[in-house]
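Single-letter residue listing:
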Amino acid sequence: MTEKGAIFSQNVKQIAFDSEHLKKMRARYDFFMCVAEECANHYANIELEKSRAFNIRNKAFKYYDKLLVDFETNFMNNGGTVRWARDAEEAKQMVYNILSDEKAKNVVKTKSILAEEVGLMPYLEMKKVNVTETDTGDFICYQYNERPSDPSHSAAHKTKTEIAETYSEKFGVNNDLNAKQLMTVTRKVLNDKYLNANAAITGADFIVADTGDIVISEDEGNVLKSVAKAKIHIVLVGIDKLIPSIDDISVLLPLSSLYEVTKIKSKSYFTIINGPAKDEFVNQKIYVVLVDNNRSKMLEKEQQRRIMTCIECGACHSVCPVFNTIGGHVYENAFPGPVGVIQKIADGYEESAHLATLCASCHQCEQYCPMNIKISDLILRNRVEIAKEDGSLLGERRVFNFIMKRVENRKDMDKTKEFINRLELKQLIKKTWGVHHEMPVFPEKSFSELWRSMNESEE
Ligand code: SF4
């Protein structure tokens, strides 16, 4: 086990036995399951729509190199600027350099999983940029200096009472505010930030090759408020968000908000930006920072790259029994849950080996995935790749092969005493069996011996 794996294992044990945490996760799971079926029933033929969506995303894979250049050309023709970032470090620096060149001191930011992935907020804070998160759930998490625990319900691990107490400390309000009052406080704090912002940083759901458009969905209106007044708009987006045509969003956008469980309907706002706003009030500049950060490596993996068709609807982790036990923070990944587990393989053995254990192969996620991604199969493939890379497994593999050969032949098994068989079995499964299970007990006599003695006594 890697050093990272050992620490991770301790964290998992700690959180998995925290009954308060489990209660919160359970409430979240029950809520999702209550409405999930109803969400899918909004379609007359959901399966047809799923296969359409999958084909659109796959088509983008085939022509990625050409489509990315098409996007860049069209976006620049629309008046925007494109920067290419190879990794997280470059992405953070590029965003900072733009802010610094444009002398933007006050920045508002909207929810972006990629920003979490590259560690943008801590980086900008370190550089003394005054940056405020405007997504309500993420805003709450930042009051605790925590990253969001879940892409769709960032603050699901906090109770209303906990939030009210923190708001009281931070903003000097009463410590017994209800949910509506807490929202009013949040809006008041954020409204001041929107008004004074020089720059806005957003993510994007999709970037469109044939028009150079940026497509952003949201359910709070904070994206619109953020970009409305800011002179500089920076869009931080992964190259995997590319789609071939603007027509494709009629299929992809409704599916991406299929499980918007808070409303049981599609997201409230879709924004399509095709260039900087230019009118009597705003003379805007818009930059797209296109980030690779191992996405090209993922594209090279013929099977696992299917995860890049993910449209981040949030269903897989909402139903996953593993996620619903340990929560999002343990995954050490911006996108926690099954998707994050698969994505991590592109970061190499050290980063992904321990995460690959986080699946019980129950296949629940696949039933709900609107992109028909065979999630548990892909996690299994990660495990195979990891096992091949793990040099420490070589000795184990030899022992395993030796024992397997013996187990396959009953005569060989009968030659040895039951305690030797038990020892071998223990060796074979001790890692996966875990400390909370009792080892199966071998009978003192084998089936052949019992059969023989039975026949002898009959004779
Ligand atoms: S198959 Fe694995 S990843 Fe999918 S829901 Fe089950 S445990 Fe979670």
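Above this text you will find the structure in question.
Presented here is a report on the structure given in the accompanying data block.

Cut-offs applied
- Residue numbers run consecutively from 1 along every chain, following the written order of its sequence.
- Owing to the predicted nature of the model, reporting of local features is limited to residues with pLDDT of at least 70; listing and counting of side-chain atom pairs is limited to 80 or more, with chain, interface and lining totals taken over all residues.
- Being near a molecule or strand means, for a residue, that its C-beta atom, positioned from the backbone, comes within 6 Å of it.
- Helix and strand definitions here come from DSSP, where helices need a minimum of 4 consecutive H or I residues and strands a minimum of 2 consecutive E residues; each element is numbered from the N-terminal end.
- All residues other than Ala, Val, Leu, Ile, Met, Phe, Trp, Tyr, Cys, Pro, Asp, Glu, Lys and Arg, Gly among them, are scored as polar; the first ten of these are nonpolar and the last four charged.
- By definition, two strands form a pair when at least two bridges between them are found by DSSP.
- Placing C-beta atoms from the backbone, we regard two residues as in contact once those atoms come within 7 Å.
- Here, axes are lines fitted to C-alpha atoms. For helices the fit covers the stretch in contact, and angles between N-to-C directions go from 0 to 180 degrees.
- Between the first and last residue of a helix there are one fewer steps than residues, each counted as 1.5 Å, and that sum is the expected span.

The ligand sits among 14 residues. The nearest are Cys 320, Pro 338, Cys 359, Cys 362 and Cys 365. Mapped by element, the contributors of at least two residues to the shell around the ligand are α18 (364-368) and α19 (375-389). Residues that form the shell around the ligand fall into these classes: 10 nonpolar, four polar and no charged.

Here we come to the sheet that holds strand β9 (residues 269-273). Remark on secondary structure: sheet strands pair via backbone hydrogen bonds, oriented parallel or antiparallel. Taken in spatial order, the four strands of this open sheet run β8-β5-β6-β9, and their pairing is mixed. Of all the strands in the sheet, the pair left with one neighbour each is β8 (242-243) and β9. Pairing of strand β5 (residues 206-208) with β8 involves two bridges; the strand directions are parallel. Within β8, the residue paired with Val 208 across the bridge is Ile 243. Against the sheet, helix α12 (residues 249-256) makes contact with β5, β6 (214-218), β8 and β9, and its axis sits at roughly 25° relative to β6, the strand it touches most.

Every α-helix winds through 3.6 residues per turn, so residues three or four apart in the chain are directed the same way. For helix α9 (residues 160-171), with 12 residues, the first-to-last C-alpha span of 16 Å sits near the 16 Å given by 1.5 Å per residue. Note on α9: the residue one or two positions beyond its end, Gly 172, has a positive phi of about 65°.

The strand order β1-β10-β7-β4-β2-β3 describes an open sheet built from six strands, whose pairing is parallel. Where the open sheet ends on each side, the last strands, each with one partner, are β1 (81-85) and β3 (130-133). Across the sheet, the axes of successive neighbouring strands diverge by a mean angle of 20°, strand direction being ignored. For strand β2 (residues 106-109) and strand β4 (residues 199-202), the ladder comprises three bridges, and the chain directions are parallel. Residue pairing for β4: Lys 109 is matched across the bridge by Ile 201. Along the sheet, helix α11 (residues 222-229) contacts β2, β4 and β7 (232-238); its crossing angle with β4, the most-contacted strand, is approximately 145°.

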